[in-house]
Each structure stands twice: as C-alpha cells, then as structure tokens.
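# Chains, contacts and geometry: an overview
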Amino acid sequence: MDAVRLIKSTQAALAQARTVREIVVEAWQTQALAEVIGSHLTVHGPFEARAAAGGLSEAGGRASGALRQIALRAGVLRASQLSEVRDPWQALKELADLLGEVGIALVGVACACEEDAVYWQCIEAIDAADETSDRVGALLRRLALREHGGAA
C-alpha cells in the first residue's frame, strides 16, 4: 500500500480516537510509519536524501517502549502494509502534518490525565514526535535542494 494512503488512514483513526489508549496507539502507529517510510527511502529514495531518510527511520524507531507495548496489544501496525512511496514529497508533507496532529492530541491527553505514568508516556511520545518531525523537515529540505539543483 502507498505511504500517503497509510498516512491518511492513520489521520482518520487519530481523528476518531477518543480514549487515552486510542490516542497513544495512533501516536505509535505514526512513529512506525515514519520508521518504515524512512527505511524505504533509504533504499529506494534519491541518492542525495538517503542519509537523511536513515535518520528519519531511526527517529521513528525510537518511540517509547511503553507506547510500543500498548500499540502491539491493539493489533497490527499499519506500517507493515507499506509497499511503496509513490511521491516522496507528498508522503513527507502528509507525515509532517500527521506528526503535528499527533503532538496536539498527546498534549491534550497529557494535560487531562491524572496518572503520572500516562503523563510521562505522553511527554516521551511528544518528544519522539517532535524529533521525528525535525527529521521529516530535514529530509524535505534535502529533496527541495535536489529538485532545485543545489547541494545539501
């Protein structure tokens, strides 16, 4: 399945998430998508952007272990369905938007939760989404430079 389609599915699931658990699951789904999109672009992306794509994959893979356990109990990761990234630019722009939405949702959960453990899981997940978003931005800049004939 194409990356943009998976991102759109995750955006829809995040928009429908109502519980803390559902929001945390979608945060992990997003990080997993970042990891596999980065991995895919590391192998199949433009040569100039492969190192930055590796950084994206690493950042996506660093999500909190606690979040991972919650998500795995929720079922299959959508990211496992990735088969192609037809338009890297569009996929990365959509991923950046999704990471922003995840961050906002996690801030809402962190502000409203009464359990310390959940609060700190959300803070870790916000940090992970922020780092991943930075990596997406760096990769988009590389692609823009490549498109305009500049060196990165």
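Criteria and cut-off values
Residues numbered from 1 in each chain as written. Predicted model: local features only at pLDDT ≥ 70, side-chain atom pairs only at ≥ 80, totals over all residues. Heavy atoms only, no water. pLDDT = per-residue confidence, 0-100. Helix = DSSP H or I, 4+ residues; strand = E, 2+ residues; numbered from the N terminus. Core = buried A, V, L, I, M, F, W, Y, C linked by side-chain atoms within 4.5 Å. Buried < 20%, exposed > 50% of the residue type's maximum accessible area, 1.4 Å probe, protein only. Contact = heavy atoms within 4.5 Å. Salt bridge = Lys/Arg side-chain N within 4 Å of Asp/Glu carboxyl O. Patch = residues over 30% accessible without salt bridge, like charges linked within 9 Å, V, L, I, M, F, W, Y side chains within 5 Å. Areas by Shrake-Rupley, 256 points an atom, 1.4 Å probe, with all protein chains shown as cover. Lys, Arg positive; Asp, Glu negative; His and termini not counted. Charge placed at Lys NZ, Arg CZ, Asp CG, Glu CD. Axes fitted to C-alpha atoms, helices over the stretch in contact; angles between N-to-C directions. Parallel < 35°, antiparallel > 145°, perpendicular 65-115°, else oblique. Left-handed = near helix turned anticlockwise from the far one by under 90°. Nonpolar A, V, L, I, M, F, W, Y, C, P; charged D, E, K, R; others polar.

Here we take up the confidence of the model for the chain. Interpretation of this model should avoid reading the predicted coordinates in detail wherever pLDDT is low. This prediction gives the chain a mean pLDDT of 88; 89% of its residues lie at or above 70. Confidence, expressed as mean pLDDT per element, reaches its minimum in the chain at helix H4 (residues 65-74) with 59 and its maximum at helix H1 (residues 3-16) with 97.

With 40 residues, the main nonpolar core has Leu-92, Leu-95 and Leu-139 as its most contacted residues. Elements with a contribution of two residues or more to this core: H1, helix H2 (20-44), helix H3 (50-61), helix H5 (88-112) and helix H6 (116-147). By residue number, the principal contributor to this core is H5, which donates 10 residues. Ignoring anything within four residues of it in the chain, the contact list for Leu-139 reads Leu-41, Ala-49, Ala-52, Ala-53, Leu-56 and Leu-92.

A word on the pattern of salt bridges. A full pass over the atoms with the stated rule returns 4 salt bridges. The shortest N-O distance in the salt bridge between Arg-86 and Glu-84 comes to 3.1 Å. For Arg-86, a relative accessible area of 62% puts it in the exposed group. Exposure remark for Glu-84: the relative accessible area of 30% places this residue in the partly exposed category. Salt-bridge contacts for Glu-131 lead to Arg-135; the nearest nitrogen and oxygen are separated by 3.8 Å. Taken together, the residues span about one helical turn, with Glu-131 and Arg-135 both in helix H6 at a distance of 4 residues. Looking at Glu-131, the relative accessible area reads 26%, which means it is partly exposed.

All right, on to the environment of Leu-145 then. Here Leu-145 lies in helix H6. Leu-145 sits in the partly exposed class, given a relative accessible area of 36%. For the pair Leu-145 and Ala-49, spaced 96 residues apart in the sequence, the C-alpha separation amounts to 9.8 Å.

On the surface, Glu-124, Asp-127, Asp-130 and Asp-134 cluster together to form a negatively charged patch. Assignment of secondary structure puts Glu-124 in helix H6. With relative accessibility at 43%, the residue Glu-124 sits in the partly exposed group.

Our focus in this paragraph is the packing of H5 against H6. The N-to-C vectors of H5 and H6 enclose an angle of 160°; their axes lie 9 Å apart at closest approach. As judged from the angle between their axes, H5 and H6 are roughly antiparallel. Where H5 crosses over H6, the two elements pack in a sense that is left-handed. For the contact of H5 with H6, a count of residues per class yields 23 nonpolar, 3 polar and 1 charged.

To continue, consider the packing of H3 against H6. For the pair H3 and H6, interaxial distance at closest approach is 9 Å and the crossing angle is 165°. Looking at the two axes, H3 sits roughly antiparallel to H6. The two elements H3 and H6 cross, and the hand of that crossing is left-handed. Of the residues in H6, those in contact with Ala-52, Ala-53, Gly-55, Leu-56, Ala-59 and Gly-60 of H3 are Glu-131, Thr-132, Arg-135, Val-136, Leu-139 and Arg-142. By residue class, the composition of the contact of H3 with H6 is 6 nonpolar, 3 polar and 3 charged.

Let us now look at the environment of Ser-80. Tracing the backbone through its elements, the reader meets Ser-80 in the loop between H4 and H5. Remark: the alpha-carbon pair of Ser-80 and Met-1, spanning 79 residues in sequence, is separated by 9.3 Å.

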